[in-house]
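Analysis of the macromolecular model
Single-letter residue listing:
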There are 6 protein chains.
Amino acid sequence: MYPQLFVVLTLFVSSAIAGDYCVADLNLPDGPAGYSCKKPSKVTVDDFVYHGLAAAGNTSNLIKAAVTPAFSAQFPGVNGLGLSIARLDIAAGGVIPMHTHPGGSEILVVIQGQICAGFIDSANDIYFKTLNKGDVMVFPQGLLHFQINAGKSPALAFVSFSSPSPGLQITDYAFFANGLPTDLIATTTFLPKDVIKKLKGVLGGKN
Amino acid sequence: MYPQLFVVLTLFVSSAIAGDYCVADLNLPDGPAGYSCKKPSKVTVDDFVYHGLAAAGNTSNLIKAAVTPAFSAQFPGVNGLGLSIARLDIAAGGVIPMHTHPGGSEILVVIQGQICAGFIDSANDIYFKTLNKGDVMVFPQGLLHFQINAGKSPALAFVSFSSPSPGLQITDYAFFANGLPTDLIATTTFLPKDVIKKLKGVLGGKN
Amino acid sequence: MYPQLFVVLTLFVSSAIAGDYCVADLNLPDGPAGYSCKKPSKVTVDDFVYHGLAAAGNTSNLIKAAVTPAFSAQFPGVNGLGLSIARLDIAAGGVIPMHTHPGGSEILVVIQGQICAGFIDSANDIYFKTLNKGDVMVFPQGLLHFQINAGKSPALAFVSFSSPSPGLQITDYAFFANGLPTDLIATTTFLPKDVIKKLKGVLGGKN
Amino acid sequence: MYPQLFVVLTLFVSSAIAGDYCVADLNLPDGPAGYSCKKPSKVTVDDFVYHGLAAAGNTSNLIKAAVTPAFSAQFPGVNGLGLSIARLDIAAGGVIPMHTHPGGSEILVVIQGQICAGFIDSANDIYFKTLNKGDVMVFPQGLLHFQINAGKSPALAFVSFSSPSPGLQITDYAFFANGLPTDLIATTTFLPKDVIKKLKGVLGGKN
Amino acid sequence: MYPQLFVVLTLFVSSAIAGDYCVADLNLPDGPAGYSCKKPSKVTVDDFVYHGLAAAGNTSNLIKAAVTPAFSAQFPGVNGLGLSIARLDIAAGGVIPMHTHPGGSEILVVIQGQICAGFIDSANDIYFKTLNKGDVMVFPQGLLHFQINAGKSPALAFVSFSSPSPGLQITDYAFFANGLPTDLIATTTFLPKDVIKKLKGVLGGKN
Amino acid sequence: MYPQLFVVLTLFVSSAIAGDYCVADLNLPDGPAGYSCKKPSKVTVDDFVYHGLAAAGNTSNLIKAAVTPAFSAQFPGVNGLGLSIARLDIAAGGVIPMHTHPGGSEILVVIQGQICAGFIDSANDIYFKTLNKGDVMVFPQGLLHFQINAGKSPALAFVSFSSPSPGLQITDYAFFANGLPTDLIATTTFLPKDVIKKLKGVLGGKN
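Residues numbered from 1 in each chain as written. Chains lettered and ligands numbered in written order. Predicted model: local features only at pLDDT ≥ 70, side-chain atom pairs only at ≥ 80, totals over all residues. Heavy atoms only, no water.

**Thoughts on the UniProt feature "domain: Cupin type-1" (unreviewed entry) in chain A**
Formally: UniProt positions are given in the numbering used here, feature names are shortened, and annotations may be inferred rather than shown by experiment. Numbered from the N terminus, helices here are DSSP runs of H or I no shorter than four residues, and strands are runs of E no shorter than two.
UniProt feature "domain: Cupin type-1" (unreviewed entry): in the numbering of this structure it lies at residues 51-197 of chain A. The straight-line gap between the two end C-alpha atoms of residues 51-197 of chain A is 40 Å; of that span, 13% is helix and 38% is strand.

Written out as structure tokens, the structure is:
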């Protein structure tokens, strides 16, 4: 009597898989909606768990800060699920410089320390505030925003995104850390050429 | 004079195909938005027609009911089109137990017999009603719902979904028909262990 | 001890409502995503049930057929849920003329009789087949399609859509049942003016 | 010379606002895509910051746990931005019982303590693991999942969602904490009536 | 000190790529959301630039008009980006016949000459107007529309779409330029058979 | 005999409207998906036509350029249709400075003159090219991009977007044309304070 039930239920197994999740197989081609899916038979719980955010990022650098992403390229389990997460470590005096995420909104929760965070909208209005432990702030998609350690001890935050692959574009890095010609930068940003050249020097951009 | 028209129109043929439909090729990788597409040159009308719902499902089983899906895994023509369909056969005394479709809303139309159908929402409000032939009921995405034969003769209904692969999760089956440890079920459902073990026995779950 | 649980759960009640469903309030403004929502406190099971498809449509008309929709304007419960349904009655000799649904794909299931159904894609390929009781056919979004009674007795089908408000544009009605100037129709369709005028006469279009 | 620049830029201000964000005005009607927007002129940084997750939830209750949401109903700034967040406090011995979020996927990061978390998919496969501080786990949309304190001290986690209003349906609460008739529950869940009545007693459901 | 910054930034490079764009690789399988992506390492600026609309289309044809598309099949750079463009050349006396785009809305800007453009909605209301140089008109998704040269000199327009692959279905071509049986056309359009046969002769349809 | 047909068709009229279009009523509240819809009975062809791009923008300004948008705030007919358009006038020596559109991708077609256009992606790769009359370039959503007149005569281009309200954020304006504190700008951009102050002076920012 029961086998028939199992037949019915087994039928659903194959049909339902596609809609539940799509763990990224980074070796297969990707498409506009994300990476191709790993075969269901090879998926294990370890595809849905990520340990890479457990350790603090190394903040011994220029910005005294580190961003450790768990986007679909690092954490294939989020592929197709419409969200991802990252860890922010900001040492005293550290800063996550002005940047945007072209593909998603961001929500930040402070775990430790104090962070001054803010964004600028299309109407050119400014929104910034100093956040304490447990405070949450949301940054709408694609807008320029920043985070600064506002205290005297290291700050820790987790930031979630409305996309498994939100992208990241740090303005300084986009302007000064590649081969964008100095003349072109000057023309499109009104910055003095000597300043551009100096920042290229610091950030590794070619002249 | 006409060949030029055909040139123009032929141009559109290749460009337009992608947007019209994407019959699933189950042998190619799938992605977050569904299966890869069968080559247009191999698509025939039979890809858009499905005969699998014409025969009644076998209701000689525990639940005296059968669900026969035409999701993208069974009916590749619906892949990417945002909808699918299934057939419900519920014998007298039969029931489609409490379940959810994680990936889509459902609309049910009664073709024969009487069905008592209902759902529970996130606010914990209950909505149920006895439906007669020709009546339609909608079940919002992801909410627990059920269908019971409310008459003395077999009932037949067709249910459509807002996804080509809406998934199906029958609560009892999720709890008692796999290897979920009895202790863990007890802890997360407050059900007595003897009841859990008994239902595992009925539904094939491992202890 | 329990009141705290209820506090927690009550918190979710208000927060969760918005995401579960949005029964249309046709008296409030609508937006790009559909109608505004009826207040949750006024929603009852009757908002999710529709009786309007139980009776056969009147097929004593020019096309010997009737389409009875349960779109969001008739069945407010589907608003925002991504699907809707309609009933097709096609008497012997009847036809649902060439038409499109600009806003959604369609899936048809034959309940009674025989229906010859088909569509034409952007590549100008033709797909049509005679469907029997229980057969299912899918029509991709926005493409021209038709249904013809292929038997000698009345045919009945239910059609579901991937949108709560898929729209309907019957080609003949769009060309000949309004005030579109005869010259303009002739220029954009290559049809002879006398044919246009005759069809305007039949379908009620102004000259 | 500059006034013209400001004219140009001022033009954009009004046009761009709509696309940047839509802080919920809970007094205006909501729609399928979320709440109506607060007037831009009244929006301040406080609309984008939420303090409600800073304090631990009260875990002196049946489940020894508390879920504190920052969904659009509590934190209007996330409305329309495709994400939200909540705080989980789970005392030693505590549990977030089996539940689903009908409207979104979830990502969890452990801040303190140990949590055993898991989910069951549509194919009835089980995925669970004990997570330590800094570990991340993702739960695909609409699937049954749970979180249990796996240590001897209080556990704290933040969970983010791919929707500003993901909903929450706790299975036990849906079955036993409202007026769903005992017979109907028994029929649709196969649970013994005495067990149902006992759980109704605990959870406040009517008989 | 700086290498650490570069490590951090390099991490983002791989993670971010997927969300920025997805230049179509026409040799890989396509899916419901579009074509698979070209490997990022092979993408150059030429993937984002298209020269194919620079030259006027040949209007020495039946309709004295030409449509030159830059859809994802011609211009792979738009794949996944939600938009595309095409060039319309309409000689004096020329016309773009009644047609629909099943997969997207259209916006037209007149560059040269005068164009009478219009559409018919699902409510059967007619909207048409003569547009001059610099005028813009929008045509909602899936609705029948047309463009006619309303002046005495050649007209040029660019039309953009809300989809990288909006499709195109010219009504006349769908009815009369393939093998759709004359009887079936007559039944579903009410057009006289002699007219159908004549138009098939002109447009290349088989009898 | 015909009245019945009209009854059937009239039924569709009310049901179909919602899905066809949603002309913005700027006096009603807006929501996450756009503005509320103007009543269908008040919609005319003039809602779908926009004359505001016919005249050249005034380029007698700092950037020797003008952007004239036809977004939903200026051209309510595009509301909800997933696209919009704007006109770029760039005098000799003019430039559209580095900017992003947070809410949409952009496609540009050169109508007159020569334009050097480019963008920088999340991987920090640079893509730029000089475009001639008739050339098309696409800029993926949210990425920094610019346009420079590369010739000696005025340049004209039309740019379309994949959103009716894509937003616009000019980096210089976001940094230097509001009240963002100089210290905060310096900290988050590494720019020297004297340069920041000078640019604030030029662009109207407060110190």
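**As for the interface of chain A and chain D**
Applied cut-off: Contacts: residue pairs with any heavy atoms within 4.5 Å of one another. By buried area we mean the combined loss of accessible area, with a 1.4 Å probe, across both parts when two parts are placed together. Put simply, a salt bridge is a Lys or Arg side-chain nitrogen that is within 4 Å of an Asp or Glu carboxyl oxygen. Within 3.5 Å is the distance limit for a polar contact, defined as a pair of N or O atoms, with the added protein rule that one can donate a hydrogen and the other accept it, and that residues adjacent in sequence qualify only through two side-chain atoms. All amino acids are sorted into three groups, where Ala, Val, Leu, Ile, Met, Phe, Trp, Tyr, Cys and Pro are nonpolar, Asp, Glu, Lys and Arg are charged, and the leftover types, Gly among them, are polar. What makes two strands pair is DSSP finding at least two bridges between them.
Each partner contributes to the interface: chain A provides 48 residues, whereas chain D provides 48 residues. With both chains or domains summed, chain A and chain D bury close to 4,000 Å², and 71% of this area falls on carbon and sulfur atoms. Residues aspartate 46 of chain D and lysine 129 of chain A are paired through a salt bridge, measuring 2.3 Å at the closest nitrogen-oxygen approach. In this assembly, chain A and chain D are joined by 15 residue pairs in polar contact (both at pLDDT 80 or more). Looking at the side of chain A that touches chain D, the elements with two or more residues in it are helix 1 (2-20), strand 3 (49-50), strand 5 (84-90), strand 7 (106-112), strand 9 (126-131), strand 10 (136-139) and strand 12 (155-161) of chain A. Considering only residue class, the side of chain A that touches chain D consists of 31 nonpolar, ten polar and seven charged. As paired elements, strand 3 of chain A and strand 10 (residues 136-139) of chain D share two bridges and run antiparallel to each other. Bridging from a neighbouring strand, valine 49 of chain A pairs with methionine 137 of chain D of strand 10 of chain D.

**So, the relation of the copies chain A and chain D**
One copy of the chain maps onto the other through a rotation about an axis plus a displacement along that axis. For clarity, the cut-off: The least-squares superposition of copies is restricted to C-alpha atoms, and to residues with a pLDDT of at least 70 in both copies.
For these two chains of identical sequence, chain A goes onto chain D by a turn of 180 degrees and a shift of 0.0 Å along the axis, with RMSD 0.0 Å. Such a turn and shift between the copies fits a two-fold axis. For chain A, the minimum C-alpha distance to the rotation axis belongs to serine 162 of chain A and amounts to 2.8 Å. The share of interface residues of chain A whose copies in chain D are also at the interface is 100%, consistent with both copies meeting through the same surface.

**Remarks on the sheet that holds strand 8 (residues 115-120) of chain B**
Strand order across the open sheet formed by five strands is 9-8-11-6-13 (chain B), with antiparallel pairing between neighbours. Edge positions in the open sheet fall to strand 9 (126-131) and strand 13 (169-170) of chain B, since each of these has one partner strand only.

**Re helix 3 (residues 182-189) of chain A**
Keep this limit in mind: In this scheme, a residue with accessible area under 20% of its type's maximum is buried, one over 50% is exposed, and one in between is partly exposed, where area comes from a 1.4 Å probe on protein chains only.
Of all the eight residues making up helix 3 of chain A, six are buried; the element is thus mostly covered by neighbouring parts of the structure. Among all positions in helix 3 of chain A, only Thr182, Leu184, Ile185, Ala186, Thr188 and Thr189 of chain A are buried. Next to the buried residues of helix 3 of chain A lie helix 2 (171-176) and helix 4 (193-203) of chain A together with strand 6 (95-100), strand 9 (126-131), strand 11 (145-149) and helix 2 (171-176) of chain F. Just downstream of helix 3 of chain A, phenylalanine 190 of chain A is the residue with a positive phi angle, here 65 degrees.

**Looking at the packing of helix 3 of chain A against helix 4 of chain A**
Residues and elements named next belong to chain A. Put simply, the test is: To define axes, lines are fitted to C-alpha atoms, for helices over the stretch in contact only, and angles between the resulting N-to-C directions are given on a 0 to 180 degree scale. For classification purposes, an angle smaller than 35 degrees is called roughly parallel, one larger than 145 roughly antiparallel, one from 65 to 115 roughly perpendicular, and anything else oblique. Crossing chirality is assigned from the near helix's rotation relative to the far helix, an anticlockwise turn below a right angle marking it left-handed and a clockwise turn marking it right-handed.
At their nearest, the axes of helix 3 and helix 4 sit 9 Å apart, and the two run at 120 degrees to each other. Compared by their axis directions, helix 3 and helix 4 come out oblique. In this structure, the crossing between helix 3 and helix 4 has a hand that is right-handed. Contact residues: Thr182, Asp183, Ile185 and Ala186 in helix 3; Lys193, Ile196, Lys197 and Lys200 in helix 4. Of the residues assigned to the contact of helix 3 with helix 4, the class counts are three nonpolar, one polar and four charged.

**Observations regarding the pattern of salt bridges**
Overall, the coordinates contain 24 salt bridges over all chains when judged by the stated rule. The closest approach of N and O atoms between lysine 38 of chain C and aspartate 47 of chain C, which form a salt bridge, is 2.9 Å.

**Comments concerning the side chain of glutamine 74 of chain A**
Residues and elements named next belong to chain A. Summarising the element assignment, glutamine 74 is placed in the loop between strand 4 (65-70) and strand 5. What makes glutamine 74 buried here is its relative accessible area of 16%. A distance of 2.9 Å separates a polar atom in the side chain of glutamine 74 from the backbone nitrogen of phenylalanine 71.

**Notes on the packing of aromatic side chains**
The following threshold applies: Note on ring pairs: Phe, Tyr and Trp rings are taken, using the six-membered ring of Trp, and paired if centres are within 6.5 Å. Classes follow the plane angle, with under 30 degrees stacked, over 60 edge-to-face and the rest tilted.
The tally for this structure, following the rule as stated, stands at 59 aromatic pairs over all chains. Consider the rings of tyrosine 21 of chain B and tyrosine 127 of chain C, whose centres lie 6.3 Å apart with planes at 85 degrees: the pair is edge-to-face. In this pair, tyrosine 21 of chain B sits in the loop between helix 1 (2-20) and strand 1 (30-31) while tyrosine 127 of chain C sits in strand 9 (residues 126-131), so the two residues belong to two different chains. As far as the burial class goes, tyrosine 21 of chain B and tyrosine 127 of chain C line up, both buried. One aromatic cluster in this structure is built from Tyr21 and Phe48 of chain A together with Phe119, Tyr127 and Phe139 of chain D.

**Structural notes on the UniProt feature "binding site: oxalate" (unreviewed entry) in chain A**
In the numbering adopted here, UniProt assigns the feature "binding site: oxalate" (unreviewed entry) to His101 and Glu106 of chain A. You can see histidine 101 of chain A is positioned in the loop between strand 6 (95-100) and strand 7. Here histidine 101 of chain A falls in the buried class, since its relative accessible area comes to 6%. One polar contact links histidine 101 of chain A to histidine 99 of chain A, side chain to side chain, over a distance of 3.4 Å. Along the polypeptide, glutamate 106 of chain A turns up in strand 7. With a relative accessible area of 2%, glutamate 106 of chain A lands in the buried category. Here glutamate 106 of chain A is in contact with His99, His101, Met137, Val138, Phe139, His145, Gln147, Val159, Ser160 and Phe161 of chain A together with Leu83 of chain D, once residues within four sequence places are set aside. Reaching out from glutamate 106 of chain A, the side chain makes a polar contact with the side chain of histidine 101 of chain A at a distance of 2.9 Å.

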